[in-house]
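These are the residues of each chain, in order.
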Amino acid sequence: MKMNNKGFINELSKQLLLTEEKCIVINEILEDNFFISKKSKPKIIDELMNRLDINRDSAENIYDVSVRVFNGELKNKLRHPFGNKD
């Protein structure tokens, strides 16, 4: 299921208090990996640390918030499959 990337990036920016540019990098990393799988988490954490020049705690926080935002978007898609949120 394809998610609205712009909406996902905006929500990440809001929740993480990061620039849109950094959230675009985060989105690229997540899209390059199957980030919902627990097996991918260590690789994603390492890539976040390297590309954003951040520590492990920050990378894990970004990962956790990203999963939470993604799950929220997924729930909205399931509740409103045709985009109607009323």
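Sequence order sets the numbering: in each chain, residues are counted from 1 along the sequence as written. Local features are withheld for residues below a pLDDT of 70 in this predicted model, meaning they are given only at 70 or higher, and side-chain atom pairs are given and counted only at 80 or more; totals for whole chains, interfaces and linings count all residues. Each side-chain value is worked out from all heavy atoms of the structure, with water and hydrogens disregarded.

Participant: Can you help me understand the overall build of the protein chain in this one?
Facilitator: Runs of H or I in DSSP of at least four residues are treated as helices and runs of E of at least two as strands, each being numbered from the N terminus. Along its length, the protein chain carries 4 helices and 0 strands. Its helices and strands in sequence order give the protein chain the pattern α-α-α-α, from N to C terminus. Burial here depends on accessible area, computed with a 1.4 Å probe over protein chains only, as a share of the maximum for the residue type. Under 20% is buried, over 50% is exposed, and the range in between is partly exposed. Going through the 86 residues of the protein chain one by one, you find that 31% of them count as buried. By the convention used here, residues are in contact when the closest approach between their heavy atoms is within 4.5 Å. Across the protein chain, every contact between residues at least 6 apart in sequence was considered, and the portion connecting residues at least 24 apart equals 44%. Summing over all exposed atoms, the protein chain offers an accessible surface of approximately 5800 Å²; the carbon and sulfur share of this is 50%. The protein chains shown are the only cover counted for residues, whose accessible areas, like all others here, come from Shrake-Rupley with a 1.4 Å probe.

Participant: Just checking my understanding: could you explain the confidence of the model for the protein chain for this structure?
Facilitator: As a general rule, the predicted coordinates of low-pLDDT regions are not to be interpreted in detail. Confidence of the prediction at every residue is given by pLDDT, a number between 0 and 100. Here the protein chain averages 85 in pLDDT, while 79% of its residues score no lower than 70. Here helix H4 (residues 56–79) stands out as the least confident element of the protein chain, with mean pLDDT 84; helix H3 (residues 41–52) is the most confident, with 96.

Participant: Can you help me understand the environment of glutamate 11 in this one?
Facilitator: With respect to the helices and strands, the residue glutamate 11 is situated in helix H1 (residues 5–16). Residue classification places glutamate 11 among the partly exposed residues on the basis of a relative accessible area of 23%. Between the C-alpha atoms of glutamate 11 and serine 66, which are 55 residues apart in sequence, the distance is 9.1 Å.

Participant: Would you mind going over the packing of H1 against helix H2 (residues 20–32) with me for this structure?
Facilitator: The relative placement of two packed helices is expressed as an angle between their axes plus a distance between the axes. Closest axis-to-axis distance for the H1/H2 pair is 9 Å, and the angle between their directions is 120 degrees. Comparing the axis directions of H1 and H2 gives the class oblique. Crossing handedness for the pair H1 and H2: right-handed. Note on element contacts: H2 touches H1 through Glu20, Cys23, Ile24, Ile26, Asn27, Leu30 and Glu31, opposite Asn5, Lys6, Phe8, Ile9, Asn10, Leu12, Ser13 and Leu16. Among the residues making up the contact of H1 with H2, the classes are represented as 8 nonpolar, 4 polar and 3 charged. Orientation is described by axes fitted as lines to C-alpha atoms, over the contacting stretch for helices, and by angles from 0 to 180 degrees between their N-to-C directions. By definition in this entry, angles of less than 35 degrees are roughly parallel, angles greater than 145 are roughly antiparallel, angles of 65 to 115 are roughly perpendicular, and the rest are oblique. By convention the crossing between two helices is left-handed if the near helix lies anticlockwise of the far one by an angle smaller than a right angle, and right-handed if it lies clockwise. Gly counts as polar in this scheme, as do all residues outside two lists: the nonpolar Ala, Val, Leu, Ile, Met, Phe, Trp, Tyr, Cys and Pro, and the charged Asp, Glu, Lys and Arg.

Participant: Even after reading the chapter, I still don't get unusual backbone geometry, so can you show me in this structure?
Facilitator: As a rule of thumb, non-glycine residues mostly have phi less than zero, and peptide bonds are mostly trans rather than cis. Here the phi dihedral of leucine 17 falls at roughly 60 degrees; this positive angle occurs in a residue that is not glycine. Within the chain, aspartate 53 stands out as a residue other than glycine whose phi angle is a positive 55 degrees. Tracing the sequence through the fold places aspartate 53 in the loop between H3 and H4.

Participant: What is the right way to look at the pattern of salt bridges in this model?
Facilitator: Opposite charge on two side chains permits them to pair, given that their charged atoms come into close proximity. Salt bridges, as used here, are contacts in which a Lys or Arg side-chain nitrogen is within 4 Å of a carboxyl oxygen on Asp or Glu. Taken as a whole and assessed by the stated rule, the structure comprises 6 salt bridges. Here arginine 56 and aspartate 46 are joined by a salt bridge, their closest N and O atoms 3.2 Å apart. With arginine 56 in helix H4 and aspartate 46 in helix H3, this residue pair connects regions lying 10 residues apart in the sequence. Classification of arginine 56 by relative accessible area gives partly exposed; the value is 39%. Residue aspartate 46 is classed as partly exposed on the basis of its relative accessible area of 35%. For glutamate 47, the salt bridge goes to arginine 51, with nearest N and O atoms at 3.8 Å. Of the two residues, glutamate 47 and arginine 51 are both situated in helix H3; the distance of 4 residues between them amounts to about one turn of the helix. Here the residues in one salt-bridge network are Glu28, Glu47 and Arg51, joined through shared partners.

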